[in-house]
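One letter stands for each residue in the lines below.
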Amino acid sequence: MSERTLAIIKPDAVKKNAVGDIINRYEQAGLKPVAMKLMQMSKPVAEGFYAVHKARPFFDSLCTFMSSGPAVVIVLQGDNAIKKNRELMGATDPAKADANTIRKAHGANIEFNAVHGSDSPETAAFETAYFFPGMEIFS
Ligand code: CMP
């Protein structure tokens, strides 16, 4: 079933010039960008995006990191896009990620882990709408 997921190439991966490699991995796996922008989040925007993690000890540091430089925010569309993107990313902690995953290749540690991907249809819907109005998403 074709579905959409929200992916973010985080500021650490943008700084390391990994944008091209990461987008190539999405496309090779059959995940097509249907909306995309380079943007630097303000801290409140990062806090709103990660609101589900508000009570976590790493919340403030995470939001500082996510607003530290430009990130690429992408809506990916394809069969089983949510699960497929999570497989491409690998485990949250790059040290635990499988070989050939994005986080293994480009992540430094559990916080600076190169990419984000929605983890469920509900979060995909929230996260996609957080960054893109419907008229900016191609089909
Ligand atoms: P992400 O998939 O974007 O979802 C939440 C983010 O919080 C996660 O990737 C990491 O960047 C960060 N994160 C998760 N767990 C930890 C942790 N234990 N310490 C620091 N950062 C974390």
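Here the structure is a predicted model, which means the values were calculated and not measured.

Some details on the pattern of salt bridges
Point 1. Following the criterion strictly, the structure yields four salt bridges and no others.
Point 2. Salt-bridge contacts for Arg-25 lead to Asp-21; the nearest nitrogen and oxygen are separated by 2.9 Å. Of the two residues, Arg-25 and Asp-21 both sit in helix α2 (residues 19-28), four residues apart, roughly one turn of that helix.
Point 3. Taking relative accessible area as the criterion, Asp-21 reaches 31% and is therefore assigned partly exposed.
Point 4. A salt bridge links Lys-83 to Glu-87; the nearest nitrogen and oxygen atoms lie 3.2 Å apart. Placement of both Lys-83 and Glu-87 in helix α5 (residues 81-89) is noted, with a separation of four residues, approximately one turn of the helix.
Point 5. Residue Glu-87 is classed as partly exposed on the basis of its relative accessible area of 49%.

With respect to the UniProt feature "active site" (unreviewed entry) in the protein chain
Point 1. Per the UniProt entry, the sites bearing "active site" (unreviewed entry) are His-116 in this numbering.
Point 2. What makes His-116 buried here is its relative accessible area of 11%.
Point 3. Residues within four places of His-116 in sequence aside, it is in contact with Leu-6, Ala-7, Ile-8, Lys-10, Phe-49, Tyr-50, Asn-85, Met-89, Arg-103 and Glu-127.

Let's talk about the sheet that holds strand β1 (residues 2-9)
Point 1. Pairing is antiparallel across the open sheet formed by four strands, whose spatial order is β2-β3-β1-β4. Looking along the sheet, the strands with just one partner apiece sit at the ends: β2 (32-39) and β4 (115-117). Going across the sheet, the axis of each strand differs from the next one's by a mean of 20 degrees, ignoring polarity.
Point 2. In this fold α2 packs onto β1, β2, β3 (71-79) and β4, with an angle of close to 170 degrees to the strand it touches most, β1.
Point 3. Packing of helix α7 (residues 121-131) onto the sheet brings it into contact with β1, β2, β3 and β4, and relative to β1 it is tilted by some 60 degrees.

What about the nonpolar core?
The tendency in soluble globular proteins is for nonpolar side chains to be buried side by side.
Point 1. In this structure, Leu-6, Ile-8, Met-41, Met-66, Val-73, Phe-131 and Phe-132 are the most contacted members of the largest nonpolar core, which totals 20 residues.
Point 2. Every element with two or more residues in this core is listed here: β1, β2, α3 (43-49), α4 (59-66) and β3.
Point 3. The dominant element in this core, judged by the number of residues it contributes, is α4, at five residues.
Point 4. Contacts of Phe-131, omitting those with residues within four sequence positions, involve Leu-6, Ile-8, Lys-37, Met-39, Met-41, Val-45, Phe-49 and Val-73.
Point 5. Residues Ala-7, Ile-9, Ile-22 and Val-72 belong to the second largest nonpolar core, which totals 18 residues.

About the thresholds
- Numbers given to residues run from 1 along each chain, matching the order in which its sequence is written.
- Thresholds applied to this predicted model are a pLDDT of at least 70 for local features of residues and 80 or more for the giving and counting of side-chain atom pairs; totals over whole chains, interfaces and linings are not thresholded and use all residues.
- The side-chain numbers reported here are obtained from all heavy atoms of the structure, hydrogens and water having been left aside.
- A pairing counts as a salt bridge when a side-chain nitrogen of Lys or Arg comes within 4 Å of a carboxyl oxygen of Asp or Glu.
- Helix and strand assignments follow DSSP, with helices taken as H or I runs no shorter than four residues and strands as E runs no shorter than two, numbered in order from the N terminus.
- Between buried and exposed lies partly exposed: a residue is buried under 20% and exposed over 50% of the maximum accessible area for its type, with that area taken using a 1.4 Å probe on protein chains only.
- UniProt positions are given in the numbering used here, feature names are shortened, and annotations may be inferred rather than shown by experiment.
- Residue contacts follow a heavy-atom distance rule, with two residues in contact if any of their heavy atoms lie within 4.5 Å.
- Strands pair, by our definition, only if DSSP identifies at least two bridges between them.
- Orientation is described by lines fitted to C-alpha atoms, with helices fitted over the stretch in contact, and by angles between N-to-C directions that extend from 0 to 180 degrees.
- In this description, a nonpolar core means a group of buried Ala, Val, Leu, Ile, Met, Phe, Trp, Tyr and Cys residues linked to one another through side-chain atoms lying within 4.5 Å.

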